[in-house]
Amino acid sequence: MIDHLLDGNREFVTNEFQPHAAYYQSIAQRQAPRVLWIGCSDSRVSEDVITGSRPGTMFVHRNVANIVAFNDVNIASIIEYAMVHLKIEDVIVCGHTRCGGIAAIEDGVHENYIADWLCIASGAKVVADRLATEKKLTREQKLEVLAAENVKLQIKHLRSLAIIRNMREKGPLPRIHGWLYRVETGKVDVLIDGREGHETGT
Ligand SMILES: [Zn+2]
């Protein structure tokens, strides 16, 4: 596997880096990403690949089940750096279907750290439980609803963080987008479109 990765890097240098040397030299001087991506650690949801983006496009934070935690110095420092220093204007919170973290929220989980972490998403299960009963959803449908509700909940958390709340009291930035990536099709569903005039307010 490791040889495969190193071969892949040699191919990247030959087929991508060197033919676009001017671009890579410019980002070598200074990164200027346009998007803060908050996604799941899941290996299938590679933000650059699924959006056709080159290195240098996104500043990235990924964790189990794309959670925006209040007490997490890691995500807080990433958000601060993205907003204050990189002056990023768009934040995407991206969940995905077939998410192990989402299934663990639904089924319960006993590992200590994972269970504690997923508590931060438990409000999404309350909503998904209600919708599943009302609409008589299958397990798979319910997990999809739970993944979507979790994105909406984490966006609420993001908007509640003081740094974001203070910025948005002064203006429309950052724009906050909620996406659901479908690992079965490769397509993105836009749950919340944060562009001006598109804000759903969910
Ligand atoms: Zn996941």
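Owing to the predicted nature of the structure, the values given are computational and were not obtained by experimental measurement.

(A) Spotlight on the domain arrangement of the protein. Once the domains are mapped, the protein shows domain 1 (1-30) and domain 2 (31-192). Here domain 1 and domain 2 have C-alpha centroids that lie 29 Å from each other. Tallying the contact residues gives seven residues for domain 1 and six residues for domain 2. Interface area for domain 1 against domain 2, summed over the two sides, is near 550 Å², with a carbon-plus-sulfur share of 49%. Contact with domain 2 buries area across many residues of domain 1, yet Tyr-23, Ile-27 and Arg-30 alone supply 66% of it, more than any other trio. Connecting domain 1 to domain 2 are one salt bridge. Notably, a salt bridge pairs Glu-16 with Arg-54, separated by 2.6 Å at the nearest N-O pair. For the interface between domain 1 and domain 2, the tally reads three residue pairs in polar contact (both at pLDDT 80 or more).

(B) Region of the structure containing the UniProt feature "binding site: Zn(2+)" (unreviewed entry) in the protein. Sequence positions flagged by UniProt for "binding site: Zn(2+)" (unreviewed entry) are, in local numbering, Cys-40, Asp-42, His-96 and Cys-99. With the annotated positions falling across 60 residues, the maximum pairwise C-alpha distance of 8.9 Å places them together in a single cluster. Each residue touching Asp-42, except ones within four places of it in the same chain, is listed here: Arg-62, His-96 and Arg-98. Looking at the element boundaries, His-96 is found in strand β3 (residues 90-96).

(C) Quick peek at the pattern of salt bridges. Under the definition given, this model contains 18 salt bridges. Among the ionic pairs, Glu-184 bridges to Arg-98, the shortest N-O distance being 3.3 Å. Placement of the pair is Glu-184 in the loop between β4 (175-181) and β5 (188-192) and Arg-98 in the loop between β3 and α5 (100-107), with a sequence separation of 86 residues. Overall, Glu-184 belongs to the partly exposed group, its relative accessible area being 36%. A salt bridge links Glu-144 to Arg-182; the nearest nitrogen and oxygen atoms lie 2.9 Å apart. You can see Glu-144 sitting in helix α8 (residues 139-160) and its partner Arg-182 sitting in the loop between β4 and β5, a full 38 residues away along the chain.

Criteria and thresholds
- Residues numbered from 1 in each chain as written.
- Predicted model: local features only at pLDDT ≥ 70, side-chain atom pairs only at ≥ 80, totals over all residues.
- Heavy atoms only, no water.
- Domains from an automatic or database assignment.
- Contact = heavy atoms within 4.5 Å.
- Buried area = accessible area lost by both parts, 1.4 Å probe.
- Salt bridge = Lys/Arg side-chain N within 4 Å of Asp/Glu carboxyl O.
- Polar contact = N/O pair within 3.5 Å; in protein donor to acceptor, adjacent residues only side chain to side chain.
- UniProt positions renumbered as here; feature names shortened; annotations may be inferred.
- Helix = DSSP H or I, 4+ residues; strand = E, 2+ residues; numbered from the N terminus.
- Buried < 20%, exposed > 50% of the residue type's maximum accessible area, 1.4 Å probe, protein only.

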